[in-house]
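Structural description and commentary
What follows is the residue order along each chain.
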Amino acid sequence: MSSGAPQSADIAVVGGGIVGLAVARELLARRPSATVCVLEREPQIATHQTGHNSGVIHAGVYYVPGSLKARLCVEGAREMYEYCERREVASEHCGKLIVATENSELERLAELERRGLANGVSGLRHVDQDEIRELEPHARGVAGLYSPSTGIADFPAVARAFAEDIAQAGGQIVTGCEVQGVSPTARRLRLSHSEGVTEAGHAIFCAGGWADRLAVAAGADPDPRIVPFRGAYLRLLPERRHLVRALIYPVPDPALPFLGVHLTRHIDGEVLIGPTALMVGARDAYRLSTVHRRDLLETLAWPGTWRMLARWWSTGITELRHAALRSAFVEAAARYVPELQSTDVLGAFAGVRAQALGRDGKLVDDFVFSHTDRALHVRNAPSPAATSSLAIARHIADEAERAFGPND
Ligand SMILES: Cc1cc2nc3c(=O)[nH]c(=O)nc-3n(C[C@H](O)[C@H](O)[C@H](O)COP(=O)(O)OP(=O)(O)OC[C@H]3O[C@@H](n4cnc5c(N)ncnc54)[C@H](O)[C@@H]3O)c2cc1C
């Protein structure tokens, strides 16, 4: 990682998370003679969502067939496994079991199976009570869906490997460089930042939790806005980790698929319970007490926030209970692993989801990319964007070629 932002570049990528790094890497692979820089405001890459997540390589079961998420997740997962193997980054095809604990969930489980099959998820199969026990001896349910191609990976290590690829291809990564302003000039884009100014031919903004702010600064529509949802985890005591072999998930509500306390074995051997989903007062609220006036005011001033709260207030109360009461959180996971008790857990880390929220109060489900003059913006890249990062990068590079011309 070099210091000193360049005064000029053919393409500037803003944001050194897994998406920005994958994009810079892909652009350099397509145009080896181009000057490409990544401008990251933190002292290190992968500081935000990329470094604080469940670490799951999703197979593509949940997503609406035909959506960008469905396509880029299935393609991205395959590429992510290949990349990890080639670069010797830790990953594992450990498989995932989705458990229905009541008959009332069976229709939703069947819908997930239909979606997964439509999306081309390989090996997906319905399992009965006995097979649940064979796969996960401590889990209980009336039926399940097993996805053998779901797995786990060390995403921060993937991001570091992408950074090495960028450096090797002649790109530059500048950390500690916060982009504060964007203005088009006659033939360039002027990015003002904490290190001065970079004049770029084009820019790709991959700023995660701050994506809306930079997009609006570049002249884009303020809709959708990023609203931060904190996701906190617990971890199992080492002597209770045997309760979970791989990944065990409940059947999600199709309207809010990112909710639901799940059990995930991490690549380092820890077993995590979580995450919660609590709307918070800062885009970097790794501690619940962190509140930034600007972040909070922007969330509260957004009409979509109030429309969402009016619709989902009871879900919000459940999430608040999970965040406040460790016992309630563990109880949610004990529905499908009944031996779990609140004495089995310790606190773990938290991440903050960059979730786009429409003015109409709808949580934007699909990945969203948009354009302004000489720039492309990643406006919504929540889970499974880490899994999908290589496929997202190809998609964005294709868009960039269409929008900017192959050699502009
Ligand atoms: C709790 C949680 C669990 C998740 N679980 C999974 C999972 O199991 N599997 C999966 O595939 N996905 C998961 N995700 C989603 C995944 O982590 C994200 O989709 C992915 O990391 C997004 O990458 P990114 O590069 O867009 O964002 P980030 O990693 O957040 O990176 C954005 C970067 O932009 C930088 N930036 C912002 N503003 C500026 C600026 N003005 N100037 C310069 N730099 C700036 C930030 O500092 C940051 O480094 C999870 C997310 C969370 C929060």
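The structure contained in this document is the topic of the report that follows. (Residues numbered from 1 in each chain as written. Predicted model: local features only at pLDDT ≥ 70, side-chain atom pairs only at ≥ 80, totals over all residues. Heavy atoms only, no water.)

1. Re helix α7 (residues 293-301)
Within α7 the residues assigned to the buried category are D295, E298 and T299. The buried residues of α7 all sit within an arc of 100° when viewed along its axis, so they share a single face. Those residues of α7 that are exposed and angled more than 90 degrees off the buried face are R293 and A301. Those residues of α7 hidden inside the fold are in contact with α6 (211-217), β13 (225-236), β17 (278-279) and α8 (303-324). (Buried < 20%, exposed > 50% of the residue type's maximum accessible area, 1.4 Å probe, protein only. Helix = DSSP H or I, 4+ residues; strand = E, 2+ residues; numbered from the N terminus. Arc of directions from axis to C-beta. Contact = heavy atoms within 4.5 Å.)

2. Here's the deal with the nonpolar core
Grouped together as the largest cluster of nonpolar side chains are 50 residues, with contacts concentrated most on V13, V23, V158 and I204. Those residues within four positions of V23 in sequence are excluded, and the remaining contacts are V13, I204, C206, A393 and I396. In terms of nonpolar packing, the next biggest core, distinct from the first, is built from 25 residues, L97, I248, F329 and Y336 among them. (Core = buried A, V, L, I, M, F, W, Y, C linked by side-chain atoms within 4.5 Å.)

3. Re the pattern of salt bridges
Scanning all chains against the criterion turns up 27 salt bridges. Salt bridges linked by common partners bring D212, R213, R283, R294, D295 and E298 together as one network. (Salt bridge = Lys/Arg side-chain N within 4 Å of Asp/Glu carboxyl O.)

4. Remarks on the packing of aromatic side chains
A full pass over the atoms with the stated rule returns 3 aromatic pairs. A centroid spacing of 6.1 Å and a plane angle of 65° characterise the contact between Y62 and Y63, whose relative ring orientation is edge-to-face. With a relative accessible area of 9%, Y62 lands in the buried category. With a relative accessible area of 8%, Y63 lands in the buried category. Seen from their ring centres, Y233 and F349 are 4.7 Å apart, and the 35° between their planes marks the pair as tilted. Of this pair, Y233 sits in strand β13 while F349 sits in strand β18 (residues 345-357), placing them 116 residues apart in sequence. Over the ring of W210 we find R41, and its NZ or CZ is 4.0 Å from the ring centre. The side chain of K96 reaches across the aromatic face of Y249, ending 3.8 Å from its centre. (Phe/Tyr/Trp six-rings, centres within 6.5 Å; stacked < 30°, edge-to-face > 60°. Lys NZ or Arg CZ within 6 Å of the ring centre and 35° of its normal.)

5. A few points about the layout of surface pockets
Volume-wise, the second largest pocket comes out at about 510 Å³. Lining the second largest pocket are 22 residues, with L259, G260, T318, H322 and R335 positioned closest to its centre. Contributing elements (two or more residues each) for the lining of the second largest pocket: α8 and α9 (326-334). If one sorts the elements of the lining of the second largest pocket by residue count, α8 sits on top with 5 residues. Its residues placed into classes, the lining of the second largest pocket shows 9 nonpolar, 5 polar and 8 charged. (1 Å grid on protein atoms, 1.4 Å probe; cavity = no way out; pocket = protein on both sides within 12 Å on 5 of 7 lines; lining within 4 Å. Points joined across faces, edges and corners; volume = space filled by probe spheres on them. Nonpolar A, V, L, I, M, F, W, Y, C, P; charged D, E, K, R; others polar.)

6. Regarding α8
In this model, α8 (22 residues) spans only 27 Å end to end at C-alpha, well below the 32 Å of a helix rising 1.5 Å per residue. W312 marks where α8 bends most, by close to 80°. The complete set of buried residues in α8 reads G304, T305, M308, W312, E319 and H322. Elements in contact with the buried residues of α8: β13, β17, α7, α9 and β18. (Expected span 1.5 Å × (residues − 1). Bend = angle between axes of the 7 residues up to and from the residue.)

7. Some details on the sheet that holds strand β8 (residues 151-153)
The sheet built from 3 strands is open, its strands ordered β3-β8-β4 with antiparallel pairing. Looking along the sheet, the strands with just one partner apiece sit at the ends: β3 (56-57) and β4 (91-92). (Pairing = 2+ DSSP bridges.)

8. Structural notes on the site of the ligand
The immediate surroundings of the ligand are formed by 38 residues, with E40, T50, V56, A381 and T387 found nearest. Take V56: an N or O atom from its main chain is 2.8 Å from a nitrogen atom of the ligand. A distance of 2.8 Å is found between an oxygen atom of the ligand and a backbone nitrogen or oxygen belonging to A381. When the free accessible area of the ligand is taken as 1000 Å², the share hidden by the protein chains comes to 98%. Those elements that place two or more of their residues in the shell around the ligand are α1 (18-30) and β18. Split into classes, the residues belonging to the shell around the ligand amount to 19 nonpolar, 14 polar and 5 charged. (Near = heavy atom within 4 Å. Polar contact = N/O pair within 3.5 Å; in protein donor to acceptor, adjacent residues only side chain to side chain. Areas by Shrake-Rupley, 256 points an atom, 1.4 Å probe, with all protein chains shown as cover.)

9. Concerning the environment of D10
Residue placement: D10 occurs in strand β1 (residues 8-14). On the accessibility criterion, D10 (28% relative accessible area) is partly exposed. For the pair D10 and L189, spaced 179 residues apart in the sequence, the C-alpha separation amounts to 10.0 Å. Excluding its chain neighbours within four sequence positions, the residues that come into contact with D10 are R31, S33, A34, T35, A200, G201 and H202.

Keep in mind these numbers describe shape, not what the thing actually does.
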